[in-house]
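Structure at a glance
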Amino acid sequence: MKYFSVIRLAVVGAALMGSALPLGAQGFRSFFETLDWSIRGSMLFFPEDNGNASAPMPILPSLGGGVSYSLNDLLALELSLDLYGNTYDYDYGLERVVPANDEFRTSFVIGMLWGLQPVFRFRPRGDAFTIRAYGGLGFDTRIVFRAYGIKDNEEHTNSSGPTGYTIGEASKEITRYFWGGGRWIFPFIGGGMDFDVLDGVLLGFDIRAWFPLWRIWTREGLPPIEGFRFGLGFRVSFG
């Protein structure tokens, strides 16, 4: 499957980054001591406008974190990850995946939302607080499972009744849709603030927005808001 190719690329990339690290245990430890780490809890909003064909807009709790490397006092490079999960269905009339209530669920999807971004940091009042502004390239590596409590050979239905397909066939369409056409590419922008609460510990918040770049080339007849994402979260940073 295509997501295995993405995972292989991530492994190769990690190996290449590892080869660039200083050799030896002392150098390896020194490098990691220069990194700043963070953990984050967020609420992710996935707007949709599919009428009765889907569930209301998913509002999903998410756990995540990040690691950043400071280039100088102003600029850092950050790698982030946010995890979420939701139930989905494939609508054969719309020919796309839609969020699903339990009665019409086909698949449960675990999303691993990666981000790679430069972070600009401003400290207008010294170390009292830090303002962050960032933007970069995001990848949603979604893993599709059959939804709980149903079987592949069961008849697939939606709000209009039976579709003539099975649950297993609809689940395969969900995987095909999410991993086809580059629908896992989500550039994003964000901003936040951090406050120094303890020595080496910062408490802050983030506001983020992701953009469905893939709509440019897939040319689907989607509602204007479809594919966009928004996030609001709090984070704790260590460094």
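Let's shift gears to the side chain of Ser54. Within the element layout of this structure, Ser54 appears in the loop between β1 (35-45) and β2 (59-70). Its relative accessible area of 12% is what places Ser54 among the buried residues. Side-chain polar atoms of Ser54 contact the side chain of Glu48, separated by 2.9 Å. Beyond its immediate chain neighbours, meaning those up to four positions away, Ser54 contacts Glu48, Val98 and Pro99.

Moving on, we come to the nonpolar core. Formed by 23 residues in total, the largest nonpolar core has its most connected members in Tyr88, Tyr90, Val97, Ile174, Tyr177 and Phe178. Taken together, the elements giving at least two residues each to this core come down to β3 (75-91), β5 (107-122), β6 (129-146), α3 (167-179) and β9 (185-198). Examining the composition of this core, we find that five residues originate from one element, α3, more than from any other. With near-sequence residues (within four places) excluded, Tyr88 lies in contact with Phe46, Val97, Val98, Pro99, Ala100, Arg105, Thr106, Ser107, Val109, Ile174 and Phe178.

Applying the stated rule across the entire model yields 14 salt bridges. Close ionic contact of Asp194 with Arg132 constitutes a salt bridge, the shortest N to O distance being 2.6 Å. Here Arg132 lies in strand β6 and Asp194 lies in strand β9, a separation of 62 residues in the sequence. On the basis of relative accessible area, Asp194 is assigned to the buried category, the value being 3%.

Conventions used here
- Chains are numbered independently. Their residues run from 1 in the order of the written sequence.
- Local features in this predicted model are restricted to residues of pLDDT 70 or higher, and side-chain atom pairs are both shown and tallied only at a pLDDT of 80 or more, whereas totals for entire chains, interfaces and linings draw on every residue.
- To get the side-chain values, all heavy atoms of the structure are used, and hydrogens and water are removed first.
- Only DSSP runs of H or I covering at least 4 residues are called helices, and only runs of E covering at least 2 are called strands; the numbering of each starts at the N terminus.
- Three exposure classes are used, based on accessible area relative to the maximum for each residue type with a 1.4 Å probe and protein chains only: buried under 20%, partly exposed in between, and exposed over 50%.
- Nitrogen and oxygen atoms within 3.5 Å of one another constitute a polar contact, given that in protein one can donate a hydrogen and the other can accept it, and given that sequence-neighbouring residues count only through two side-chain atoms.
- Two residues qualify as a contact provided that any one of their heavy atoms is within 4.5 Å of a heavy atom in the partner residue.
- What we call a nonpolar core is a set of buried Ala, Val, Leu, Ile, Met, Phe, Trp, Tyr and Cys residues that are connected through their side-chain atoms within 4.5 Å.
- Salt bridges are identified by distance alone: a Lys or Arg side-chain nitrogen within 4 Å of an Asp or Glu carboxyl oxygen.

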